[in-house]
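Chain by chain, the residues run as shown.
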Amino acid sequence: MSATESVPPAPARPGGSLTTVAAQMFGADFLKLRRKLSTVIWSLVLALAPLAIFFVVRAIQHSSTPAEHPPAGGLDGFSDGLRLLALFMGPLAAILIGAEAGAGDHAAGVFRDLVVTGRSRLALFAARVPAALALCWSVMLGGFALLLIGTFVFASNMPTPSGTLILEAIGFTLLATGVVCTVAVGLASLTTSRPATITALIGWQLVASPLIANIESLGGARDAVLSQSLAHFSPVALHGHMGSVVSMGAATAILVAALWLAVFLGLGAWRTRTMDA
Amino acid sequence: MARAATVRQSRPMPLNEQDLIIETAGLTKRFGERAAIDRVDLRVPRGCAFGFLGPNGAGKTTMIRMLLGLTHASAGSMRLLGHPLPAERAAALRRVGAIVEEPRFHPHLSGRENLRIVAAARGPEVRARIAPALARVGLAERADEKVKRYSLGMRQRLGVARCLLADPLLLILDEPTNGLDPAGIQEFREMIRTMVEHEGRTVFLSSHLLDEVEKICDAAAIVDRGRIVTQGPIAELAAGGDGVRHELILGVDDVELALSTLAAEDLVYDVRRSDEGLRVVLAGEPQTAAAVNVALVRAGVGVLRLDPVRHSLEQRFLEVTSRLEGGGGQALASAPSDGGSAAEEVTA
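Residues numbered from 1 in each chain as written. Chains lettered and ligands numbered in written order. Predicted model: local features only at pLDDT ≥ 70, side-chain atom pairs only at ≥ 80, totals over all residues. Heavy atoms only, no water.

1. Structural notes on the overall build of chain A
Helices and strands together make up the secondary structure of chain A, namely 9 helices and 0 strands. Secondary structure of chain A in N-to-C order comes out as α-α-α-α-α-α-α-α-α. Based on the C-alpha atoms only, the size of chain A along its principal axes is roughly 80 × 45 × 30 Å. In chain A, which comprises 277 residues, the share counted as buried stands at 50%. Considering only residue pairs separated by 6 or more positions, chain A has 77% of its internal contacts joining residues 24 or more positions apart. Seen as two clouds, the 15 positive and the 12 negative side-chain charges of chain A have centres 11 Å apart. (Helix = DSSP H or I, 4+ residues; strand = E, 2+ residues; numbered from the N terminus. Buried < 20%, exposed > 50% of the residue type's maximum accessible area, 1.4 Å probe, protein only. Contact = heavy atoms within 4.5 Å. Lys, Arg positive; Asp, Glu negative; His and termini not counted. Charge placed at Lys NZ, Arg CZ, Asp CG, Glu CD.)

2. So, helix H2 (residues 37–64) of chain A
Residues and elements named next belong to chain A. Compared with an ideal rise of 1.5 Å per residue, which puts 28 residues at 40 Å, H2 spans 39 Å between its outermost C-alpha atoms and is within 8% of the ideal. Of all the bends in H2, the largest measures some 30° and sits at Leu48, one to four residues before the proline Pro50. Among the structural elements, helix H1 (18–34), helix H3 (74–108) and helix H5 (121–153) are those in contact with the buried residues of H2. (Expected span 1.5 Å × (residues − 1). Bend = angle between axes of the 7 residues up to and from the residue.)

3. Things to note about the pairing of strand E2 (residues 34–40) of chain B
On a regular strand, one side chain projects to one face of the sheet and the next to the other, so that they alternate. Pairing analysis gives 4 bridges linking strand E1 (residues 20–31) of chain B to E2(B), with the strands arranged antiparallel. Each residue of the ladder has a partner; that of Lys29(B), found in E2(B), is Ile37(B). (Pairing = 2+ DSSP bridges.)

4. Considerations on the packing of H1(A) against helix H3 (residues 111–122) of chain B
Close contact between H1(A) and H3(B) brings their axes to 8 Å; oriented N to C, the two are set at 150°. Here H1(A) is positioned roughly antiparallel relative to H3(B), judged by the angle of their axes. Here H1(A) runs over H3(B); the crossing is left-handed. Judged by residue contacts, Val21(A), Gln24(A), Met25(A), Ala28(A), Leu31(A) and Lys32(A) of H1(A) engage Glu113(B), Arg116(B), Ile117(B), Ala119(B), Ala120(B) and Ala121(B) from H3(B). Counted by class, the contact of H1(A) with H3(B) contains 8 nonpolar, 1 polar and 3 charged residues. (Axes fitted to C-alpha atoms, helices over the stretch in contact; angles between N-to-C directions. Parallel < 35°, antiparallel > 145°, perpendicular 65-115°, else oblique. Left-handed = near helix turned anticlockwise from the far one by under 90°. Nonpolar A, V, L, I, M, F, W, Y, C, P; charged D, E, K, R; others polar.)

5. Observations regarding the side chain of Thr62(B)
All names here are of chain B. With respect to the helices and strands, the residue Thr62 is situated in helix H1 (residues 60–67). Among the residues examined, Thr62 registers a relative accessible area of 16% and is labelled buried. Not counting residues up to four positions away in its chain, the partners in contact with Thr62 are Lys29, Phe31, Ala36, Ile37 and Thr71.

6. Describing a nonpolar patch on the surface
Side chains of Leu37(A), Ile41(A), Trp42(A) and Val45(A) sit close together on the surface and give an oily, nonpolar patch of about 410 Å² of accessible area. Mapped onto the elements, Val45(A) comes out in helix H2. (Patch = residues over 30% accessible without salt bridge, like charges linked within 9 Å, V, L, I, M, F, W, Y side chains within 5 Å. Areas by Shrake-Rupley, 256 points an atom, 1.4 Å probe, with all protein chains shown as cover. Salt bridge = Lys/Arg side-chain N within 4 Å of Asp/Glu carboxyl O.)

7. Some thoughts on the domain arrangement of chain B
On domain assignment, one finds that chain B holds domain 1 (17–95 + 168–240 + 317–334) and domain 2 (247–308). Distance between the C-alpha centres of domain 1 of chain B and domain 2 of chain B: 38 Å. (Domains from an automatic or database assignment.)

8. Things to note about helix H6 (residues 182–197) of chain B
With 16 residues, H6(B) extends 22 Å between its outermost C-alpha atoms, agreeing within 8% with the 22 Å of an ideal straight helix rising 1.5 Å per residue. Looking at the packing, one finds that the buried side of H6(B) touches strand E4 (49–53), helix H4 (130–136), helix H5 (152–164), strand E8 (170–174), strand E9 (202–207) and helix H7 (210–216) of chain B.

9. Observations regarding the interface of chain B and chain A
Contacts between chain B and chain A engage 57 residues on the former and 45 residues on the latter. Both sides together, the interface formed by chain B and chain A hides about 4300 Å², and carbon and sulfur atoms give 55% of it. There are 3 salt bridges connecting chain B and chain A. Linking Asp113(A) and Arg162(B) is a salt bridge whose minimum nitrogen-to-oxygen distance equals 3.2 Å. Scanning the region where chain B abuts chain A turns up 14 residue pairs in polar contact (both at pLDDT 80 or more). Contributions of two or more residues to the side of chain B that touches chain A are made by helix H2 (89–93), strand E7 (96–99), H3, H4, H5 and H6 of chain B. At 8 residues, H3(B) tops the list of elements feeding residues into the side of chain B that touches chain A. Its residues assigned to classes, the side of chain B that touches chain A shows 26 nonpolar, 9 polar and 22 charged. (Buried area = accessible area lost by both parts, 1.4 Å probe. Polar contact = N/O pair within 3.5 Å; in protein donor to acceptor, adjacent residues only side chain to side chain.)

10. As for the pattern of salt bridges
Residue and element names in this part refer to chain B. A full pass over the atoms with the stated rule returns 28 salt bridges over all chains. Linking Arg193 and Asp218 is a salt bridge whose minimum nitrogen-to-oxygen distance equals 3.2 Å. In this pair, Arg193 sits in helix H6 while Asp218 sits in the loop between H7 and strand E10 (219–224), placing the two residues 25 residues apart along the sequence. Residue class for Arg193 comes out buried when judged on its relative accessible area of 1%. Assessed through its relative accessible area of 5%, Asp218 is described here as buried. Linking Asp307 and Arg305 is a salt bridge whose minimum nitrogen-to-oxygen distance equals 2.8 Å. For Arg305, a relative accessible area of 34% puts it in the partly exposed group. One continuous salt-bridge network, built from bridges that share partners, spans Arg95, Arg136, Asp167, Glu199 and Arg201.

11. Observations concerning the packing of aromatic side chains
Residues and elements named next belong to chain A. Under the criterion given, the structure shown has 8 aromatic pairs over all chains. Each ring, one from Phe55 and one from Phe154, has its centre 6.2 Å from the other, and the planes form 20°; the classification is stacked. With Phe55 in helix H2 and Phe154 in the loop between H5 and helix H6 (163–191), this residue pair connects regions lying 99 residues apart in the sequence. For Phe55, a relative accessible area of 3% gives the class buried. Residue Phe154 is classed as partly exposed on the basis of its relative accessible area of 31%. Look at Trp204 and Trp260: their rings are 5.5 Å apart centre to centre, the planes differ by 40°, and that puts the pair in the tilted class. Taken as a pair, Trp204 in helix H7 (residues 194–214) and Trp260 in helix H9 (residues 250–274) lie far apart in primary sequence, 56 residues in all. A residue is classified by how much of its surface remains accessible, and Trp204, at 23% relative accessible area, is partly exposed. (Phe/Tyr/Trp six-rings, centres within 6.5 Å; stacked < 30°, edge-to-face > 60°.)

12. A look at the packing of H1(A) against H5(A)
All names here are of chain A. Relative to each other, H1 and H5 sit at 55°, their axes nearing to 8 Å. The angle between the axes of H1 and H5 places the two elements in the oblique class. Crossing hand, H1 versus H5: right-handed. Of the residues in H5, those in contact with Met25, Phe26, Asp29, Phe30 and Leu33 of H1 are Ala123, Leu124, Ala127, Arg128, Pro130, Ala131, Ala132, Ala134 and Leu135. For the contact of H1 with H5, the residue count by class is 12 nonpolar, no polar and 2 charged.

13. Regarding the nonpolar core
Residues Ile22(B), Leu42(B), Leu68(B), Leu80(B), Leu170(B) and Phe204(B) are the most contacted members of the largest nonpolar core, which totals 92 residues. Among residues more than four places away in sequence, those in contact with Ile22(B) are Leu42(B), Arg43(B), Val44(B), Leu67(B), Arg79(B), Leu80(B), Leu170(B) and Phe204(B). (Core = buried A, V, L, I, M, F, W, Y, C linked by side-chain atoms within 4.5 Å.)

14. Quick word on the sheet that holds strand E13 (residues 268–274) of chain B
Residues and elements named next belong to chain B. Here 4 strands make up an open sheet; going across it, the order is E13-E14-E12-E15 and the pairing antiparallel. Strand pairing shows two members of the sheet lacking a second neighbour, E13 and strand E15 (303–309), which therefore form its edges. Strand-to-strand twist across the sheet, computed as the mean angle between neighbouring axes with direction ignored, equals 20°. Two elements, strand E12 (residues 247–252) and E15, share 6 bridges in a ladder whose sense is antiparallel. When the sheet's bridge partners are listed, Gly251 is paired in E15 with Arg305. Where helix H10 (residues 288–298) meets the sheet, its contacts fall on E12, E13, strand E14 (277–282) and E15, and the angle it forms with E15 comes to roughly 160°.

This is the structure:
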C-alpha cells in the first residue's frame, strides 16, 4: 500500500443528473449479471437447447416418415416453438436471471457496501430490474433467432409466418419472459436467496400453475395464474395446447399480470428498504 | 513509519460539537430483551485515528452498523459529519468510507469491476478515482484479475480502495488488519497515519487488538457488553483516565536514603518500593525525571538505573474489564472523572 499516492478529491457537490446516475447504476447491475457466466450459460441452455432439440427431432421424424410427420418448420413449427420459448423454457431462464439480479448482492455480501454509499435502497433495488430485463431479453432474442432459423430452414413447402406475426411474437416473448423475470427479481429481493427463489418459482411455473389451471372446479380463480394471463397475449392460437387452458378477457389478463408485478416488486422493494444489511 | 510504532502522545480531545465527526447520545440497539448496544454516548473528534476497542461480542460491529445505516437503532440519536441520522443519511455517508467485518466483493468480477459497481452508486464523478485508489493500495497491477483469485490481504486492500472512492472525511474500519501479514499490517498502519496526519481524514478503527489500537490511534473508547466503559486519548486511558501520571523505576544503591529524599521532593507525587526497584510517580511532566536524578545524586544516592514506565493500554483494558467481570460497573461509575480531561469514565 502506498501511503502517499493521492486520490482525486471529491467535488463540493455530487455531480451527474438523475439520468446519468440511473444509467450508471443500470450499467453496474448489468455488468454483474453478464459476467456471471454460470447464470448466462444456463439461461442460454434453457432458452436454446430445447428449441434446437425440438427442431432437430421433428426434422428427423419428417425425413423418416413424411406422411405422418409434417415439416419441422413453417407456421406450425413456429407456433409450437414460440410456446416452448415464451411460455415454457424461456420463463425458466428468466427465473434464473431474475433470481441472480435480486439476490446476487446479498449472496456476495456486498449489499451493505452499496448501502454505505448513501444511495437510496430503493434506487439500489430499482436498478436490478432493468439490468435483469436487459440480460433476459438478450437471451430471449437469441432464442427467438433460433426459432426463426428453424422455422424457415425446416419449412419445406409449408407456409411461414408473416413479418407482422414475427414482430407480435417477439413482443409476446419479451412480455411473457419479462414479467416472469421481474417477478423473480422481486421475490429474490424479498427472500435474499437465489436457491429459494429458483425453487419456488420453477415449482410454481412447472408444477403448481398447470395443476391449478386444470382444476376446473376453481372456476374464475384460475385467472390468477400468471402463465394463464400471459398466454392470453400470444399472437398464435394456444387454447387447448400446452400452456393455455383458461380463457379470460384482455382486461383481466392485463390486471392479473400487473398485480403479480405490483405485489412482487412491492415486496422486494419493501424488504430491500427495511432489512438489516 | 516511525510514528506508527510509538504510542501517540496525549492531546486534548475537543468536545466542541463542530469538532466531532461522530456523536451519539443514548444510542441503543436491542435484539429482543438483550441490549447489544446500551445507551452509548460516543464522541469522536475530527482529524484523529480513534480506536473502538473491545473484546469479541462487545458490540463494536453493531455500533458500526448503526452508524452506517445498515441496521436501525432501537433508541438514541446519532450524528455523522454533523448530519443527523437517519434523517440525512445520504449526505452523511457521501464522504464516508467503511469496511464492515471482512470486505466482501463479487468474486466473479475483477477488482476494478467491483470498484465500478460502487462508483456507479456513489455518482458519476467517482469513476475517475478508481485507478488512483487501486494504485494507492498497491493493486493496480492485479486490478483486472477476478477477486476470487485474491488473497484475504488483497481483499483488505481492495476494501480500502473502495473506501477511498468516497474521498472520505471519515473512514470506518472494522477489524481492518485481519488477514494481513506483518508487512501488510505495518504498511496499513502507515497508511492510516498518513491519512490522518497529512490528509486530514478521521479514522474510526474497531479492533479487539490492543496493540493495534495503541500503535495507530490517538484516542480510543473501550467498549464492553454494549457499553462504553471509558474513552479519551490513549495516554490518558492507559494512565487511568484521571490525568496523566508519569512514572519511573529507579535502581539505587541506598533505598532508605532515596525514599526519604524523594518523599521530601515536590517533584514527586508518590514513591514506593516494588520488585523492580523504587516506583516513583512524578508530579509533573516526564522531563522532571532529570531533576529527580539530580536530587538523588545531591543527596548522595547512587542511581543505578532510571527507567520511565510505559503505561500500556492493555493494562488499562484488563483493569477495566476485570472490574466489570467482578460486577464493578459501579466502581467505574464512582471513579473520579477529571472535568478538564478528555478521558471520560462513562457508564450507562
